[in-house]
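Fold and contact review
Residue strings, one per chain:
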Amino acid sequence: MTDAVARTVADASRSLWGEAGARFRRNRAAVAGLALLCLMAIACLIGPPLTGHAYDRVFQDYVRVAPSLF
């Protein structure tokens, strides 16, 4: 067999998941989007313990205050 025929046979025997994974890895925007989603998920898991506040605590002094950056 030549290399071209061997590659064609190897590609034909790839499973649907393997083919989808290969196409996904070739799509740079999709891989970048997945990396961004993973970073956001990690920030959501690690962020709350770093703030020092309970997630269910309501600060009564700030309930009727207009939103601001400061």
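Here the structure is shown first, and the text comes after it.
Below is a summary of the structure that appears in this document. These numbers were taken from a predicted model, which means no experiment stands behind them.

**Digging into the overall build of the protein**
Counting its regular elements, the protein contains three helices and zero strands. Along the protein, from the amino end to the carboxyl end, the secondary structure elements read α-α-α. Residues counted as buried form 3% of the 70 residues belonging to the protein. Of the roughly 6900 Å² that the protein leaves accessible, carbon and sulfur atoms contribute 66%.

**Digging into the pattern of salt bridges**
Scanning all chains against the criterion turns up one salt bridge. For Arg14, the salt bridge is made with Glu19, and the minimal N-O distance between the two is 3.8 Å.

**A look at the packing of helix α2 (residues 16-26) against helix α3 (residues 28-51)**
Packing of α2 against α3 leaves a shortest axis separation of 5 Å and a crossing angle of 90 degrees. The angle between α2 and α3 falls in the class roughly perpendicular. Listed contacts from α3 to Phe24, Arg25 and Arg26 of α2 are Arg28, Ala30, Val31 and Leu34. Taken together, the residues of the contact of α2 with α3 break down into four nonpolar, no polar and three charged.

**Describing α3**
For α3, with 24 residues, the first-to-last C-alpha span of 34 Å sits near the 34 Å given by 1.5 Å per residue. Maximal helix bending in α3 amounts to about 30 degrees, located at Leu45; proline Pro48 follows within four positions. Structurally, the start of α3 carries an N-cap: the backbone nitrogen of Ala29 is 3.3 Å from a side-chain oxygen of Asn27. Gly52, located one to two residues past α3, shows a positive phi value of around 85 degrees.

Reading the values: rules and limits
- Residues numbered from 1 in each chain as written.
- Predicted model: local features only at pLDDT ≥ 70, side-chain atom pairs only at ≥ 80, totals over all residues.
- Heavy atoms only, no water.
- Helix = DSSP H or I, 4+ residues; strand = E, 2+ residues; numbered from the N terminus.
- Buried < 20%, exposed > 50% of the residue type's maximum accessible area, 1.4 Å probe, protein only.
- Areas by Shrake-Rupley, 256 points an atom, 1.4 Å probe, with all protein chains shown as cover.
- Salt bridge = Lys/Arg side-chain N within 4 Å of Asp/Glu carboxyl O.
- Axes fitted to C-alpha atoms, helices over the stretch in contact; angles between N-to-C directions.
- Parallel < 35°, antiparallel > 145°, perpendicular 65-115°, else oblique.
- Contact = heavy atoms within 4.5 Å.
- Nonpolar A, V, L, I, M, F, W, Y, C, P; charged D, E, K, R; others polar.
- Expected span 1.5 Å × (residues − 1).
- Bend = angle between axes of the 7 residues up to and from the residue.
- Polar contact = N/O pair within 3.5 Å; in protein donor to acceptor, adjacent residues only side chain to side chain.

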